[in-house]
Amino acid sequence: LPRQDKGRITNHRREIAAIKAVLRQIKPDIVHGHGTGLFCGAALGSGLPNVITAHGIVAREVQLYTDPLMKLRGKLDVRYERACLKKARDIIAISPYVEQEFRPYTTARFHLIENAVDRAFFDITPEPEPGRILFAGSVIERKGLIPLVHALGKAKQAKMRVELRIAGPTPDPAYHQRLLAACDAAGVRDNVSFLGQLDQMRLLEEYARCCLFVLPSRQETAPMAVQQALAAAVPVLATPAGGVA
């Protein structure tokens, strides 16, 4: 179903109405809403038995925004998240951290069901290359890539062999440009490769060949990339952000 303009301002009324119309046709036994936004609201407002899975903590992520428009959008999202939490009766938490953060705002029952990792990541045969570092995730400010680039510059100055491979989409063009400028300033543009969004086969190859996985995020709940790296027997260097520990 297409997203509607000004959904945040209207509490997603038109979008939820469209989803409810489809649900009336499907007549499901249970509605599973993902996240604490629109789809959570649609599940809770469906009039059907429902459960939601909380993936991110919007209230925590908003604290990291610097753009004024993003901050305003974030405040609307936090208001909506809190309203959904009040209505929820059953919440699947992907890590204990999720329950810890949401418990003050809901009387719902929490069910800990951690993210599953595909067997293929456990079956990787490691062939690590010296100095080859992998980051997997979206190229956004919350992921802390600019500080990582600064660290890479220091490693290069110390005559260390380093190659950072960034596997993930670049949904924020302005941040991507800032990251490229940081690479130039640190003198590591030739040491950083932007791979884009990879399919699983190529991602498995990246885990097999890296000697270190790095996640320098400022906020996380239960990052799949860390779980995949651990399954692949790759050493992980990460910030103690949110639910990472």
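Provided above is the structure to which this section pertains.
The following refers to the structure shown.

Examining helix α1 (residues 13-26)
- For α1, which comprises 14 residues, the first-to-last C-alpha distance of 20 Å matches the rise-based estimate of 20 Å (1.5 Å per residue) to within 8%.
- Considering only its buried residues, α1 is in contact with β1 (31-34), α2 (38-44) and α4 (68-87).
- Within two residues after α1, K27 carries a phi angle of roughly 55 degrees, on the positive side.

Things to note about the sheet that holds strand β3 (residues 90-93)
- Spatially, the four strands line up as an open sheet ordered β1-β2-β3-β4, and their pairing is parallel. Looking at which strands have only one partner, the edges of the open sheet turn out to be β1 and β4 (109-112). Taking each pair of neighbouring strands and ignoring which way they run, the sheet shows an average axis angle of 25 degrees.
- Relative to strand β2 (residues 50-54), β1 runs parallel, the two being bridged by four bridges. Bridged to H32 within β2 is V51.

Brief notes about the environment of R142
- For R142, the location among the structural elements is in the loop between β5 (132-136) and α7 (145-157).
- Residues R142 and L64, spaced 78 residues apart in sequence, show a C-alpha to C-alpha distance of 6.9 Å.
- In this view, R142 contacts E61, L64, S217, R218, Q219 and E220; residues no more than four positions away in its chain are not counted.

As for the environment of L145
- Residue placement: L145 occurs in helix α7.
- Overall, the relative accessible area of 0% leaves L145 in the buried class.
- Distance in space between the C-alpha atoms of L145 and A18 is 38 Å, their sequence separation being 127 residues.
- If we ignore the near neighbours within four places in the chain, the residues touching L145 are F135, V139, I166, Y175, L179 and P216.

Things to note about the packing of aromatic side chains
- For the structure shown, the criterion picks out two aromatic pairs.
- A centroid spacing of 5.7 Å and a plane angle of 85 degrees characterise the contact between F121 and Y207, whose relative ring orientation is edge-to-face. Placement of F121 in helix α6 (residues 119-122) and of Y207 in helix α9 (residues 200-209) is noted, with a sequence separation of 86 residues between them.
- The class of Y207 is buried, set by a relative accessible area of 0%.
- Its guanidinium or amino end placed over the ring of Y105, R82 lies 3.8 Å from that ring's centre, counting from NZ or CZ.

What counts, and where the lines are drawn
- Residues numbered from 1 in each chain as written.
- Predicted model: local features only at pLDDT ≥ 70, side-chain atom pairs only at ≥ 80, totals over all residues.
- Heavy atoms only, no water.
- Helix = DSSP H or I, 4+ residues; strand = E, 2+ residues; numbered from the N terminus.
- Expected span 1.5 Å × (residues − 1).
- Contact = heavy atoms within 4.5 Å.
- Pairing = 2+ DSSP bridges.
- Axes fitted to C-alpha atoms, helices over the stretch in contact; angles between N-to-C directions.
- Buried < 20%, exposed > 50% of the residue type's maximum accessible area, 1.4 Å probe, protein only.
- Phe/Tyr/Trp six-rings, centres within 6.5 Å; stacked < 30°, edge-to-face > 60°.
- Lys NZ or Arg CZ within 6 Å of the ring centre and 35° of its normal.

The values are spatial; any link to function lies outside them.
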